[in-house]
Protein chains: 2
Amino acid sequence: MILSPVSDADLDRAFAALADPVRRAIIARLSRGAATVNELAEPFEISKQAVSKHIQVLELAGLVSRTRDAQRRPVHLEAARLEAMTGWIDRYRLAAEQRFRSLDAVLERTASPAASAATTPNTDKEQQP
Amino acid sequence: MILSPVSDADLDRAFAALADPVRRAIIARLSRGAATVNELAEPFEISKQAVSKHIQVLELAGLVSRTRDAQRRPVHLEAARLEAMTGWIDRYRLAAEQRFRSLDAVLERTASPAASAATTPNTDKEQQP
DNA sequence: GCTGTAATCAACGTATTAGTTGATCAAGGA
DNA sequence: TCCTTGATCAACTAATACGTTGATTACAGC
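Residues numbered from 1 in each chain as written. Chains lettered and ligands numbered in written order. Predicted model: local features only at pLDDT ≥ 70, side-chain atom pairs only at ≥ 80, totals over all residues. Heavy atoms only, no water.

A. Main features of the overall build of chain A. Each helix and strand counted, chain A has seven helices and two strands in total. Along chain A, from the amino end to the carboxyl end, the secondary structure elements read α-α-α-α-β-β-α-α-α. By the burial criterion, 40% of the 129 residues in chain A qualify as buried. Contacts spanning at least 24 positions in sequence make up 46% of the contacts within chain A whose residues lie at least 6 apart. (Helix = DSSP H or I, 4+ residues; strand = E, 2+ residues; numbered from the N terminus. Buried < 20%, exposed > 50% of the residue type's maximum accessible area, 1.4 Å probe, protein only. Contact = heavy atoms within 4.5 Å.)

Spelled out as structure tokens, the structure:
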């Protein structure tokens, strides 16, 4: 499977887009199929314009896209961008978990923090894996 | 494996926390081991106070935690919260991908979206597992 | 053409956020 | 004790985000 390149700014927008419960609910709804703005706005108490803005945010983040059907503009999910997000998270989550399972990690948790700092003089900078 | 319950507000904070390149770089750095504020601030051109605020945001989001070591306050990653985020995303990503592979999805792409909307009148709300 | 419906655009108020600088607190070491 | 280091607190500014209401565009059907 070919993973599309996702820029730093793309990740900014994607994570920011999911940092809102309304937009997450929209994503949840769209995972069951495309929907129009009116259908998406129906469960919420906010105005239809506000929902339209939320969809614009999701679209700019690459999480949804819109097609045309007469005056309707059905929205559908872009799973690839969701996958890019989990890909970013998993890279560091897995690294941390593996480190946690190592002996160094055990020492860092059980011994005194001063001792662990002494045993792990790991001060190297962030290097992209 | 037991998954800790994560509230809607927790997800708000976690996704918002990762919507910043500085904070993502901090996460990346911490995936290789705990670090102090000074160590984390060193690669950036912003002030140490600003980095301290970023760490507070990450801590409030449950993505990192701090221990005490004399005057140092080493920060370390909380992989569980990262896992909660991928868990949320994957639930809807997998549903969308499965739907995409089904015949309904094919019809939705080729036929009129109105017809597909009629075949999927599922309008129930997001339900926590 | 006219009307109704779907959706966006525009302008605005308010709240939150990221950054700054200066001051303060806490802990070790000479 | 005094001084240095690590880190946070406080106050402030600029920019951005979310929601509102009112106007406007685009299309379908009569």
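B. Layout of the side chain of A:Arg23. All names here are of chain A. For Arg-23, the location among the structural elements is in helix α2 (residues 21-30). Salt bridges are absent for the buried Arg-23, whose nearest opposite-charge side chain, Asp-20, sits at 4.3 Å. For Arg-23, the side chain forms a polar contact with the main-chain oxygen of Ala-16, separated by 3.2 Å. Those residues in contact with Arg-23 that sit more than four places away from it in its chain are Ala-16, Ala-17, His-54, Val-57 and Leu-58. (Lys, Arg positive; Asp, Glu negative; His and termini not counted. Salt bridge = Lys/Arg side-chain N within 4 Å of Asp/Glu carboxyl O. Polar contact = N/O pair within 3.5 Å; in protein donor to acceptor, adjacent residues only side chain to side chain.)

C. Here's a closer look at helix α4 (residues 48-60) of chain A. For α4(A), spanning 13 residues, the distance from its first C-alpha to its last is 18 Å, which sits close to the expected 18 Å at 1.5 Å a residue. Among the structural elements, α1 (8-18), α2, α3 (37-41), β1 (64-66) and β2 (75-77) of chain A are those in contact with the buried residues of α4(A). (Expected span 1.5 Å × (residues − 1).)

D. Local environment of the environment of A:Leu30. Residues and elements named next belong to chain A. Relative to the assigned elements, Leu-30 resides in helix α2. Taking the C-alpha atoms as reference points, Leu-30 and Leu-40, 10 residues apart in sequence, are found 8.6 Å from one another. If near-sequence neighbours (up to four positions away) are discounted, Leu-30 is found in contact with Ala-35, Leu-40, Val-64, Val-75 and Leu-77.

E. Region of the structure containing the nonpolar core. Of all hydrophobic cores here, the largest spans 60 residues; its most connected members are A:Phe15, A:Leu63, B:Phe15 and B:Leu63. The dominant element in this core, judged by the number of residues it contributes, is helix α5 (residues 79-101) of chain B, at seven residues. Those residues within four positions of B:Leu63 in sequence are excluded, and the remaining contacts are B:Ala14, B:Ala17, B:Leu18, B:Ile27, B:Leu58, B:His76, B:Leu77, B:Glu78, B:Arg81, B:Leu82 and B:Met85. (Core = buried A, V, L, I, M, F, W, Y, C linked by side-chain atoms within 4.5 Å.)

F. Looking closely at the environment of A:Pro5. Residue and element names in this part refer to chain A. You can see Pro-5 is positioned in the segment before α1. According to the relative accessible area criterion, Pro-5 is exposed, its value standing at 75%. Residues Pro-5 and Arg-81, spaced 76 residues apart in sequence, show a C-alpha to C-alpha distance of 9.9 Å.

G. Geometry of the protein's contact with DNA strand C. If you check the shell around DNA strand C, you find 21 residues, and the closest are A:Ser52, A:Arg66, B:Arg23, B:Lys53 and B:His54. Of all atoms in DNA strand C that approach within 4 Å of the protein, 65% are sugar or phosphate atoms. A:Gln56 is positioned such that a nitrogen or oxygen atom in its side chain is 2.9 Å from a phosphate oxygen of DNA strand C. Contacts to DNA strand C include B:Arg23, whose side-chain N or O atom sits 2.7 Å from a phosphate oxygen. (Near = heavy atom within 4 Å.)

In short, shape yes, function no, at least from these values alone.
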